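# Structure assessment
What follows is the residue order along each chain.
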Amino acid sequence: MDARQVTVLGFGAVRDVLGAERLVWALPEGTRVQDLLESLERTYPTLHAHRSRLAYAVNAQWSNLDSVLKDGDELALLSPVSGG
Amino acid sequence: MNIDVRLQREALDEGQARALVAAAGHGAVLVFSGVVRNVHEGLPVSAVDYSAYEPLARTELEAVAREAAAGLEIGSLALWHRLGLLQVGEVSVIVAVGSRHRLPALRCVERLMDLLKRRVPIWKQEHGPDGVRWVEGQLPPTR
C-alpha cells in the first residue's frame, strides 16, 4: 500500500478537537475526504459530533466529502463561520 | 469598480478606508464599522480572538465584495477584516463604499455583511470571565 501524506487543518471549534491547527496524516492512494474523516475519528472520537456541521476545503478551494486526496494536499475542516 | 480587500492583524483605520473610496463624483461615502461588543447572548465578553483560513478567506472576501456590488452603481469598495485578539471597542471589520447616490451604497453594505457572515472562513473565539467559547454562526454552503 502506497502511503500518502495529507496536511489537515482545523478551524474554529474543530481546532480544539484536533488539539492543533495543523497535523500530518498518512493515508493510502485514492482516499476521499470522507475516508480521511473516518480515520481521524478513530484517533479523535469527539470529531464525530461535529460532522454534520463541517465544511471542507482542499488546497484553499471549497470541496466536499467525495473529493479524492493526493499526496501533499492540504485539507481544511471548517466549523460554522462567525466573521464580522 | 475599485475593490480593496484586506485581512490584517494591525488595527483598522476608518479614516483611511473613507479616504480610499471618496471621489469627486461620489455623492455618497458610507463607512460601516463592526466593533467588538461587551456582551453576546447575555454573556459578558472582554475580548474576541479572530482567526481565519487565510488563503480561502482572502478569495472569499474578494468574491463577496463583488457579489454585493453586482447590479449596483458602486464606484469604490473597501472590505477590511482584522485578525488576532481584539478588546471591546476595537474595530473588527470595515466596509467602505463610495457611490454616486446613497441607496446603492446602503444596499451594498447590507448585502456584503450578510454574505461575509455566511461565507467567509473567519471565526471568533470570545473571551470572558468564564473562559473562552467559540461563536458558531453559519455553515458555508457546500460547493
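Since we're looking at a predicted model, the values are computed, not measured. (Residues numbered from 1 in each chain as written. Chains lettered and ligands numbered in written order. Predicted model: local features only at pLDDT ≥ 70, side-chain atom pairs only at ≥ 80, totals over all residues.)

## Side note on the sheet that holds strand E2 (residues 28–35) of chain B
All names here are of chain B. Selection rule: A pair of strands is considered paired only if DSSP assigns at least 2 bridges between the two. Put simply, DSSP H or I for four residues or longer makes a helix, DSSP E for two residues or longer makes a strand, and each gets a number counted from the N terminus. Each axis is a line fitted through C-alpha atoms, taken for helices only over the stretch in contact, and angles between the N-to-C directions span 0 to 180 degrees. By the criterion used throughout, residues are in contact when their C-beta atoms, derived from the backbone, lie within 7 Å.
Within the open sheet, the four strands sit side by side as E1-E6-E8-E2. Their pairing is mixed. Each end of this open sheet is capped by a strand with a single partner; those strands are strand E1 (2–8) and E2. Between one strand and the next, the sheet's axes are offset by a mean angle of 5°, whatever the strand orientation. The sheet contact formed by E1 and strand E6 (residues 74–82) spans seven bridges and is parallel. Note on E6: the bridge partner recorded for Leu7 is His81. Its contacts with the sheet put helix H2 (residues 54–69) on E1 and E6, and the angle it makes with E1 is roughly 150°. The sheet contacts of helix H3 (residues 102–119) involve E2, E6 and strand E8 (91–99), and relative to E8 the element is tilted by about 150°.

## As for the interface of chain A and chain B
In many analyses, interface size is given as the accessible surface area lost on bringing the parts together. Our working rule: In this classification, Asp, Glu, Lys and Arg are treated as charged, Ala, Val, Leu, Ile, Met, Phe, Trp, Tyr, Cys and Pro as nonpolar, and every other residue, Gly included, as polar.
Of the residues lining the interface, 18 residues belong to chain A; the matching set on chain B comes to 26 residues. At the level of elements, strand E1 (3–11), strand E3 (55–58) and strand E5 (74–78) of chain A are the ones that each hand at least two residues to the side of chain A that touches chain B. Considering only residue class, the side of chain A that touches chain B consists of eleven nonpolar, six polar and one charged.

## Some thoughts on the environment of Ser67 of chain A
All names here are of chain A. Relative to the assigned elements, Ser67 resides in the loop between strand E4 (61–63) and E5. Sequence separation between Ser67 and Gly19 is 48 residues, and the spatial gap between their C-alpha atoms is 25 Å. With near-sequence residues (within four places) excluded, Ser67 lies in contact with Arg32, Val33 and Val58.

## Remarks on the confidence of the model for chain B
Note the following rule: Each residue carries a pLDDT score, the predictor's own confidence in it, on a scale running from 0 to 100.
Across chain B, the average pLDDT comes to 97, with 99% of residues at 70 or higher. If you check the scores for this complex, the pTM reads 0.95 and the ipTM reads 0.93.

## Considerations on the sheet that holds strand E5 (residues 47–52) of chain B
All names here are of chain B. Pairing in this open sheet of four strands is antiparallel, and the strands run E7-E5-E9-E10 from one edge to the other. The two strands at the open ends of the sheet, each matched to only one other strand, are strand E7 (84–87) and strand E10 (131–135). Neighbouring strand axes in the sheet, compared pairwise and without regard to direction, differ in orientation by 25° on average. Taken together, the four bridges between E5 and E7 define a ladder with antiparallel strand orientation.

## Notes on H3 of chain B
All names here are of chain B. Basically, it comes down to this: Take the number of residues in a helix, subtract one, and multiply by 1.5 Å to get its expected span. The exposure label follows from counting other C-beta atoms within 10 Å of a residue's C-beta, where the C-beta atoms are placed from the backbone and the thresholds are 20 or more for buried and 12 or fewer for exposed, leaving partly exposed in between. Along the arc lie the directions from the helix axis toward the C-beta atoms.
Taking 1.5 Å of rise per residue, 18 residues should cover 26 Å, and H3 covers 26 Å from first to last C-alpha, within 8% of that figure. What H3 keeps buried is the set Ala105, Cys108, Leu112, Leu116 and Arg119. Buried residues in H3, looked at end-on, bunch into an arc of 90°, giving them a common side. Tucked into the core, H3 has its buried residues touching E2, H2, E6 and E8.

## Remarks on the pairing of E6 of chain B
Residue and element names in this part refer to chain B. Burial analysis of E6 places eight of its nine residues in the buried class, which makes it a mostly covered element. Looking at chain direction, E6 and E8 are connected through seven bridges and run antiparallel. Counterpart to His81 in the pairing with E8 is Val93.

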